[in-house]
Every structure is written in C-alpha cells, then in structure tokens.
There are 2 protein chains.
Amino acid sequence: MNAAGQPARTRIQREKRDLILEAALDVFSQQGYRGATIDQIAEAAGMSKPNLLYYFRSKDAIYQALIHGLLDVWLAPLRELDSVGDPLVELRAYIRRKLEMARDFPRESRLFANEILQGAPHIMALLEGELKPLVDEKADIVKGWIRAGKIASVDPWHLIFSIWATTQHYADFDTQVRVVLGPLKGGDGRFEDAARFLEGLFLDGLRPRA
Amino acid sequence: MNAAGQPARTRIQREKRDLILEAALDVFSQQGYRGATIDQIAEAAGMSKPNLLYYFRSKDAIYQALIHGLLDVWLAPLRELDSVGDPLVELRAYIRRKLEMARDFPRESRLFANEILQGAPHIMALLEGELKPLVDEKADIVKGWIRAGKIASVDPWHLIFSIWATTQHYADFDTQVRVVLGPLKGGDGRFEDAARFLEGLFLDGLRPRA
DNA sequence: CGCATTTTTTACCGATTGGACAAACGGTAG
DNA sequence: CTACCGTTTGTCCAATCGGTAAAAAATGCG
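These remarks concern the structure in this document. (Residues numbered from 1 in each chain as written. Chains lettered and ligands numbered in written order. Predicted model: local features only at pLDDT ≥ 70, side-chain atom pairs only at ≥ 80, totals over all residues. Heavy atoms only, no water.)

### So, the packing of aromatic side chains
Thought 1: For the structure on display, the rule yields 14 aromatic pairs over all chains.
Thought 2: Relative to Tyr63 of chain A, the ring of Tyr33 of chain A has its centre 4.9 Å away and its plane inclined at 70°; by these criteria the two rings are edge-to-face. You can see Tyr33 of chain A sitting in helix 1 (residues 11–35) and its partner Tyr63 of chain A sitting in helix 4 (residues 59–79), a full 30 residues away along the chain.
Thought 3: Here Tyr63 of chain A falls in the buried class, since its relative accessible area comes to 2%.
Thought 4: On the numbers, 5.0 Å between centres and 80° between planes, the contact of Phe28 of chain B with Tyr63 of chain B is edge-to-face. With Phe28 of chain B in helix 1 (residues 11–35) and Tyr63 of chain B in helix 4 (residues 59–79), the pair connects residues that are 35 residues apart, well separated along the chain.
Thought 5: Among the aromatic residues, ring-to-ring pairing joins Phe28, Tyr33 and Tyr63 of chain A into one connected group.
Thought 6: In this arrangement the basic side chain of Lys59 of chain A is found over the ring face of Tyr33 of chain A, its NZ or CZ atom lying 4.6 Å from the centre.
Thought 7: It is Arg103 of chain B that lies over the ring of Phe191 of chain B; its NZ or CZ is 4.2 Å from the centre. (Phe/Tyr/Trp six-rings, centres within 6.5 Å; stacked < 30°, edge-to-face > 60°. Helix = DSSP H or I, 4+ residues; strand = E, 2+ residues; numbered from the N terminus. Buried < 20%, exposed > 50% of the residue type's maximum accessible area, 1.4 Å probe, protein only. Lys NZ or Arg CZ within 6 Å of the ring centre and 35° of its normal.)

Have a look at this one:
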C-alpha cells in the first residue's frame, strides 16, 4: 500500500509529511519550482528520494500540498481587517501584521513571490476563487471609510497593493535590503525602522507637517 | 575561431548577440535562471542550440551579459534624482519614472526580482559595488531635504525601498494585479490609476485632509 | 514469538539538460 | 576555380532530472 494516498493514516505518515513540507518550503522558496529538485528536498528532510516519493507521489504533489496549505495563513492578516474601529488604527495594524509576516515567514513570502512571478501556474484558480473575492470585500470596507470621510479618497485596490508590496519587499528582496542597509548594529532595529517608516508613510506621506 | 570571445567583431555577431539577449530576456524573466533552457532561448531567437552556443560560450555567459547590461538601465531613474528643484516634485517624478519602467520594461523587472529572490548569486558584487553606493548617495540628498524642512523626517533608505516595492510590484506581480483588478475597461487606465494613487500616498498619506 | 503491514533502501529507467565537436555551408578575395 | 574566412548544422555525450519496481528492513500486533 502506498502512503501517498490523501489521508495521512499513521503517526509516522503525519510526521514525515510535515517534515517533507518543511524541507520543501526551504528549497522551493529559495530555488523556485523548476529550480528545486526532489533530491534537494529529500536531503533537506533527511531521507532518500524514493523514500520521499513514498509520502508524496510527485514533485508537483509536494508543491501543491505546500502552497494550498499556506494560502490561508498568508491571507490571514487581510481577513482580520475589520470595518469596526478607527480606520487609521485598523490599517496601521494591518500593515504591522503584514510586516510581522514578512519577518516571521519570509520563506512563505518568497514562495508566493516565485509563484506569481512565473505567472501563478499552480494557483491561478485560487487567486480567482479566494484572493479576488477577499480583496473585493475588503476594498468595500475601505470604500465605506472613504465615504464616511475617515480616510483620504484613494483607490482601495491600489492601497492594498501598496501595503502588500512594501511589506513583502522586506522578505522577497531581503538580500538587496541587507546589502543596502549594511550589517545591522544589533537587536531588531531593522524591523522597527521599517514599521515606523511605513506607518508614517501611510498615515501622513512625505509632505512636511507644520 | 570562436565568436564567443568578448569583443563582437563583425556586424553579424553584434546583431545575433543582441537577438539572443532579447530572446534570453523573454525566457529568463519568465522561467528564472534554472527554469530556462538553452533550447528555449535558441528557439525564441530563431536558431539552433549549437548555433547559439557559438555566440555565447554557456548559458551562464548569456545570463551574465544580460543582467550586467541591464543594471545601468535599471538604475537610471534613481540616478536622475537630483538635489536641485523642489523635493516633492523630484520624488514624484522619480516615482513616475519608476512606474513607467515597470510598465515599459516588465521583463527586466522580473529578471531582477528573480535574481534577488534567489539570493542574487550572479550580481552580489554589483549590488555592493554599484547599487549600494548609489543608494547611499541619494539617501544623502533626501537627508538634506529633511534637514531643510522640505519633506517630513523619514528614513531615506526605507523611503527608497518603498518606492521600489510599490512601483516594481506592478511588473513583478502583474499576474496577481490582473486577477484582482479584473479585465481592464479600456485605454491605459491601470497605469494612471496606479500613478495617481502612489502620488497621493507618498505626498499626503491616508489621513483625511481637512 | 510469528506474522502481516508499513517503511526504507538499492538498483534502475527514460527523458531532458548543458555542452562538445567535427563536418558542412556560404560568401569573398585572389 | 579555389582557398579561406566566419557561420551553421547534425551528432553525440555525460550528468542530472523525475519517477518506478522490488527487495530488504522495521514496526506493530495477537
């Protein structure tokens, strides 16, 4: 009997499948789908290639399981965006949550970045079926805030894009960020600097305050 | 004699090399370095694989020539950022130039995004030797503007990051942008919408103006 | 223990990859 | 015509790829 059948029956199967997905996240997020090899993932998971293929029937099956299991986590910060409460506070909290995601889950961020860069061949259906409705729903909330005069009149979709772009940048372009900022002096200064800057930018922009 | 020697002597060599680089930009920007194959590039360039290898000694040589030749173009908008003139006008112009680059050269943007995502293995030296000094120089200009009270007191490096992130997002994540925004109604509305939003964001932020 | 089931390893396969190489082609000057 | 030059093609190769098959080893269980 093959363990690659959907429901993970035994304890070992659950554990090994998790181990493989963890290793696959490492490799796929660094090399992209085509750049990654089963051998690399197997080695990162501490097992042989045929052994890995005992738990997942193919490279594609690993990738699918990985990216499908991650989308919910990835969209969680946006899901939390609520219409009650002060809009500026809500948006600031959303920006901070996304920035925390970029800090705590950079591999996940790079995995999605790679996927979208290649034209989202594996998750196009998910983008249309899950992402777009969610974004539209949250855009409606933003529109409500604008109508109520709580925030400036801006395009809600582009606002969401800009929050995505600026926060994920710190995960996806981490290499470049490190080169430009140089070696960090100590502590988690980098994160707080970015958070402070983004909050200032999104709240008040660059125009000098009197 | 092999044409892969650095200086392109004949007219045909210059033309064919350009043709190959153009095709390579197509393929590399869509598939990434490892995902691209010499065969794909050769076919896109309308020649056989051995013929292509007559003009470039290896896949890596194509990639190197491509990415090195592109860095200057890519950094041109930042180079134009000048200390004279109104800071807010200068920054707005820079944002618009970068956005135009994302619109007119999306393949170049994705090529760099892919490269940085993989940890910049081919251009790390260039990032340190060219990109970082340039960014530091421009950061000094921004600092001068802040000292003069011309713009709000923000971190210059994170400001540059945010401009890069928001503008390049429209090239790198084009697939996602298209899904979320749906089919465009007509004309080049998308670009103008993004430009208007970003200008508003960077100038005044989201806080409602009285 | 003995037996059945699950897990792991060894050996292997066909396809694709980057690349080498020599033969063949084509224009041009003598 | 011929010799020579840069160019192009056809053929081949070793390495690597995703994946399979079957034997061997662990493991769970009465």
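Past the structure itself, the notes keep going.
### A short note on the packing of helix 1 of chain A against helix 4 of chain A
All names here are of chain A.
Thought 1: As a packed pair, helix 1 and helix 4 sit with axes 10 Å apart at the nearest point and diverge in direction by 100°. With respect to helix 4, the axis of helix 1 lies roughly perpendicular. Across the interface between the two elements, Ile20, Leu21, Ala24, Leu25, Phe28, Tyr33 and Arg34 from helix 1 touch Lys59, Asp60, Ile62, Tyr63, Ala65, Leu66 and Leu70 from helix 4.
Thought 2: Per-class residue counts for the contact of helix 1 with helix 4 are eleven nonpolar, no polar and three charged. (Axes fitted to C-alpha atoms, helices over the stretch in contact; angles between N-to-C directions. Parallel < 35°, antiparallel > 145°, perpendicular 65-115°, else oblique. Contact = heavy atoms within 4.5 Å. Nonpolar A, V, L, I, M, F, W, Y, C, P; charged D, E, K, R; others polar.)

### A closer look at the side chain of Arg190 of chain B
Thought 1: Mapped onto the fold, Arg190 of chain B is located in helix 10 (residues 189–204).
Thought 2: No salt bridge is formed by the buried Arg190 of chain B; its nearest oppositely charged neighbour, Asp174 of chain B, is found at 6.1 Å.
Thought 3: Engagement of the side chain of Arg190 of chain B in a polar contact is seen with the backbone oxygen of Gly182 of chain B, the distance being 3.1 Å.
Thought 4: The residues touching Arg190 of chain B, leaving out its near neighbours within four places in the chain, are His158 of chain A together with Arg178, Leu181, Gly182, Pro183 and Leu184 of chain B. (Lys, Arg positive; Asp, Glu negative; His and termini not counted. Salt bridge = Lys/Arg side-chain N within 4 Å of Asp/Glu carboxyl O. Polar contact = N/O pair within 3.5 Å; in protein donor to acceptor, adjacent residues only side chain to side chain.)

### What about the relation of the copies chain A and chain B?
Thought 1: Note on the copies: chain A fits chain B at an RMSD of 0.1 Å, the axial shift is 0.0 Å, and the rotation between them is 180°. Look at the turn and shift together and you get a two-fold axis relating the two. Distance from the rotation axis, computed per C-alpha, reaches its smallest value in chain A at Gly205 of chain A: 2.0 Å. (Least-squares fit on C-alpha atoms with pLDDT ≥ 70 in both.)

### Re the interface of chain A and chain B
Thought 1: Contacts between chain A and chain B engage 62 residues on the former and 62 residues on the latter.
Thought 2: Taken over both partners, the interface formed by chain A and chain B buries close to 5,600 Å², and the fraction arising from carbon and sulfur atoms is 69%.
Thought 3: It is Leu117, His158 and Leu206 of chain A in chain A that bury the most area against chain B; as a group they hold 14% of the surface buried on that side.
Thought 4: Between the two partners, chain A and chain B, sit two salt bridges.
Thought 5: For the pair chain A and chain B, the interface holds 16 residue pairs in polar contact (both at pLDDT 80 or more).
Thought 6: Taken together, the elements giving at least two residues each to the side of chain A that touches chain B come down to helix 1, helix 5 (87–104), helix 6 (106–117), helix 7 (124–147), helix 8 (156–172), helix 9 (174–181) and helix 10 (189–204) of chain A.
Thought 7: It is helix 8 of chain A that contributes the most residues to the side of chain A that touches chain B, twelve residues altogether.
Thought 8: Its residues assigned to classes, the side of chain A that touches chain B comprises 31 nonpolar, 18 polar and 13 charged. (Buried area = accessible area lost by both parts, 1.4 Å probe.)

### A closer look at the pattern of salt bridges
Residues and elements named next belong to chain A.
Thought 1: Per the counting criterion, the structure on display carries 30 salt bridges over all chains.
Thought 2: A salt bridge links Arg96 to Glu199; its shortest N-O distance comes to 3.3 Å. Of the two residues, Arg96 sits in helix 5 while Glu199 sits in helix 10, which places them 103 residues apart along the sequence.
Thought 3: Several salt bridges converge on common partners, so that one network encompasses Glu22, Asp26 and Arg107.

Read these as geometric descriptors, not functional statements.
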